[in-house]
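# Notes for the structure review
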Amino acid sequence: MLKSHFNLQQDDEKELEETQDHKKDEEIELMAEELEHEQLEEDAAKEIIPSYPERILKRSEISIRLSLLGKTAEGDGYTYLKAACTGMGLTDITAVKSFQHLQFLDVSNNNLNLASLQAITELPYLVLIHADKNQLYSAALRTMKYMQVVIMNNNNLTSVWDVYQPELSTLEVGYNKIKNIRFEGNMPEIKCLDFRYNFIEDISNLNFPNLDSLYLAGNKIQSLIGIERLVNLRILHLRNNPIKLLYGFEEGMKKLQYINLRNCKVATLKQIKKLRVLETLTTLVIKGCPFMGGTGEEDAEVGSEEEDPELRVEVLAALPRLKRLNKGVVSPEEREEAKELMKQWLEEGENDEEELQEEQHDEDSNAD
């Protein structure tokens, strides 16, 4: 589960917003139902969609799956705040509406579709829903006042455009079929987006000024143009994408500390030098990239492969602020060697031969 911050303070000023949200809910829900129906028809044309026997959740089954004793949202007593109804083959969870104080609900590994999952929207204090491995073709739940974390990995989602929760902080939708990161409604509280192993190619439209963490491993991203808009980004995970060129990073990204480019296509030191503008970058993972002697392919990695110490020193000379490179902490010896190499580069004017080779590489990449 990804890190999130929960806030259940009552806010009377939001009553007008809730009325507007309700109207928007009706529109979004209608569009979501149409989208899910269209997707079902499209999938049915391609393959036979499995049908599941009706399995209705009982109140007694929820009662024995409660945990996390805590204060009620009103603060006037104690109750169980969490329920885990996982791996039960459920198709109907209407019974959860009887447990009005629930704040955390896990219904992973069932047979729920969007219509049956809508029952959770009648839980007034719910802040987290975990619904991995269900039959979801849309994530467009009706608006909830406190919903902050939505986790729907391993479903059949093709889009998130119809997702709208005004307090949403974390959205985790890995291992789906999503092609674009676009939302119809503005959600300024989003801090963490996880779109690992989807079909995303383009991130040029990203516009989440408060985003802290972005997970995009295992997609089809080639260009990072647009990443510069994420001025508060701290963690960027791009493992196993066909990224060759590191254009897009800018000085305005003053909080970016961690970048994972493992098994990407970065092949030259010149590209790595583009990360110099990131003054807070302390951890870089480039293992498996061609520059480090890898192939840039996920399946080709060797867990015990040795890193070339000379290449590590070159990277540290290019990015002297690093504290960790790949899985290894930078040693004092490596730091000293990197300083010596930096002096050598200054004396030699940083050999132009590599620059010329890289220009040709850029041209070849753009031609592809």
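Here the structure is a predicted model, which means the values were calculated and not measured.

With that settled, consider a negative patch on the surface. On the surface, Asp308, Glu310, Glu333 and Glu337 cluster together into a patch of negative charge. By secondary structure assignment, the location of Glu333 is in helix H6 (residues 332-348).

Here we take up a nonpolar patch on the surface. A cluster of nonpolar side chains, Leu69, Tyr78 and Tyr80, forms an exposed patch at the surface whose accessible area comes to about 380 Å². Summarising the element assignment, Tyr80 is placed in strand E2 (residues 78-84). Given a relative accessible area of 42%, Tyr80 falls into the partly exposed group.

This paragraph deals with the packing of aromatic side chains. Scanning all chains against the criterion turns up three aromatic pairs. Between the aromatic rings of Tyr125 and Tyr146, the centroid separation amounts to 6.3 Å while the plane-to-plane angle is 20 degrees, which identifies the pairing as stacked. Taken as a pair, Tyr125 in the loop between helix H3 (114-117) and strand E4 (128-130) and Tyr146 in the loop between E4 and strand E5 (149-151) lie far apart in primary sequence, 21 residues in all. A relative accessible area of 12% places Tyr125 in the buried class. A residue is classified by how much of its surface remains accessible, and Tyr146, at 5% relative accessible area, is buried. Between Phe183 and Phe208, the ring centres sit 5.8 Å apart and the planes meet at 85 degrees, which makes this aromatic pair edge-to-face. With Phe183 in the loop between strand E6 (170-172) and strand E7 (192-194) and Phe208 in the loop between E7 and strand E8 (213-215), this residue pair connects regions lying 25 residues apart in the sequence. For Phe183, a relative accessible area of 16% puts it in the buried group. One residue, Lys273, lies across the ring of Trp345, its end atom 4.8 Å from the ring centre.

Turning our attention to H6. The end-to-end C-alpha distance of H6, which contains 17 residues, comes to 24 Å, matching closely the 24 Å that a straight helix rising 1.5 Å per residue would cover. Burial in H6 covers these residues: Glu334, Ala338, Leu341 and Trp345. Take H6 and look down its axis: the buried residues cluster within an arc of 65 degrees, on one side only. Among the exposed residues of H6, those pointing more than 90 degrees away from its buried face are Pro332, Glu333, Leu346 and Glu347.

Moving on, we get to empty space enclosed by the protein. The full count for this structure, using the stated rule, is three cavities of 30 Å³ or more. Approximately 50 Å³ is the volume attributed to the largest cavity. Along its surface, the largest cavity is lined by Asn180, Ile181, Arg182, Asp202, Ile203, Asn205 and Leu206. Looking at the lining of the largest cavity residue by residue, the class counts come to three nonpolar, two polar and two charged.

A few words now on the pairing of E2. Within a regular strand, the side chains alternate between the two sheet faces. Taken together, the five bridges between strand E1 (residues 66-71) and E2 define a ladder with antiparallel strand orientation. Note that in E2 the partner of Gly70 across the bridge is Thr79. Following E1, the chain reverses through six residues before pairing antiparallel with E2; Gly75 in that reversal takes a positive phi of roughly 75 degrees. Relative to strand E3 (residues 104-106), E2 runs parallel, the two being bridged by three bridges. Paired with Ala83 across the two strands is Leu105, which belongs to E3.

The next subject is the confidence of the model for the chain. Residue-level pLDDT values for the chain average 86, and 79% of them are 70 or greater. Within the model, the stretch residues 9-16 combines pLDDT values under 50 with seven contacts to residues more than four positions away or in other chains.

On to helix H5 (residues 309-318). In terms of burial, H5 is a largely internal element, seven of the ten residues being buried. Among the structural elements, helix H4 (269-273), strand E11 (283-285), strand E12 (324-325), strand E13 (328-329) and H6 are those in contact with the buried residues of H5. By the N-cap criterion, in which a side-chain oxygen at the helix start approaches the backbone nitrogen of a residue two or three places on, H5 is capped by Asp308, the distance to Glu310 being 2.9 Å.

Under the definition given, this model contains eleven salt bridges. For the salt bridge of Lys265 with Glu297, the shortest nitrogen-to-oxygen distance reads 2.7 Å. Of this pair, Lys265 sits in the loop between strand E10 (258-260) and H4 while Glu297 sits in the loop between E11 and H5; the two residues are 32 residues apart in sequence, bridging distant segments of the chain. Looking at Glu297, the relative accessible area reads 41%, which means it is partly exposed.

Let us now look at the environment of Gln135. Inspection of the secondary structure assignment puts Gln135 in the loop between E4 and E5. Separated by 22 residues in the primary sequence, Gln135 and Leu157 place their C-alpha atoms 9.1 Å from one another. At a separation of 3.2 Å, a polar atom in the side chain of Gln135 contacts the side chain of Tyr52.

So, on to the nonpolar core. In this structure, Leu117, Phe195, Phe249 and Leu284 are the most contacted members of the largest nonpolar core, which totals 89 residues. Looking at this core, the elements that each hand over two or more residues are H3, H4, H5 and H6. Top contributing element to this core by residue count: H5, with six residues. The contact partners of Leu284, leaving out residues within four places of it in the chain, are Ile259, Leu261, Ile272, Leu275, Val315, Leu319, Leu322, Arg324, Leu325 and Asn326. Among the nonpolar cores identified, the runner-up in size contains eight residues, and Leu81, Phe104, Leu128 and Tyr146 belong to it.

In this model, Asn154 sits at a positive phi of 55 degrees, which is unusual for a non-glycine residue. Even without glycine at this site, Tyr175 takes up a positive phi of about 60 degrees. We classify Tyr175 as partly exposed; its relative accessible area is 46%.

Definitions and limits used
- Residues numbered from 1 in each chain as written.
- Predicted model: local features only at pLDDT ≥ 70, side-chain atom pairs only at ≥ 80, totals over all residues.
- Heavy atoms only, no water.
- Patch = residues over 30% accessible without salt bridge, like charges linked within 9 Å, V, L, I, M, F, W, Y side chains within 5 Å.
- Areas by Shrake-Rupley, 256 points an atom, 1.4 Å probe, with all protein chains shown as cover.
- Salt bridge = Lys/Arg side-chain N within 4 Å of Asp/Glu carboxyl O.
- Lys, Arg positive; Asp, Glu negative; His and termini not counted.
- Charge placed at Lys NZ, Arg CZ, Asp CG, Glu CD.
- Helix = DSSP H or I, 4+ residues; strand = E, 2+ residues; numbered from the N terminus.
- Buried < 20%, exposed > 50% of the residue type's maximum accessible area, 1.4 Å probe, protein only.
- Phe/Tyr/Trp six-rings, centres within 6.5 Å; stacked < 30°, edge-to-face > 60°.
- Lys NZ or Arg CZ within 6 Å of the ring centre and 35° of its normal.
- Expected span 1.5 Å × (residues − 1).
- Arc of directions from axis to C-beta.
- 1 Å grid on protein atoms, 1.4 Å probe; cavity = no way out; pocket = protein on both sides within 12 Å on 5 of 7 lines; lining within 4 Å.
- Points joined across faces, edges and corners; volume = space filled by probe spheres on them.
- Nonpolar A, V, L, I, M, F, W, Y, C, P; charged D, E, K, R; others polar.
- Pairing = 2+ DSSP bridges.
- pLDDT = per-residue confidence, 0-100.
- Contact = heavy atoms within 4.5 Å.
- Polar contact = N/O pair within 3.5 Å; in protein donor to acceptor, adjacent residues only side chain to side chain.
- Core = buried A, V, L, I, M, F, W, Y, C linked by side-chain atoms within 4.5 Å.

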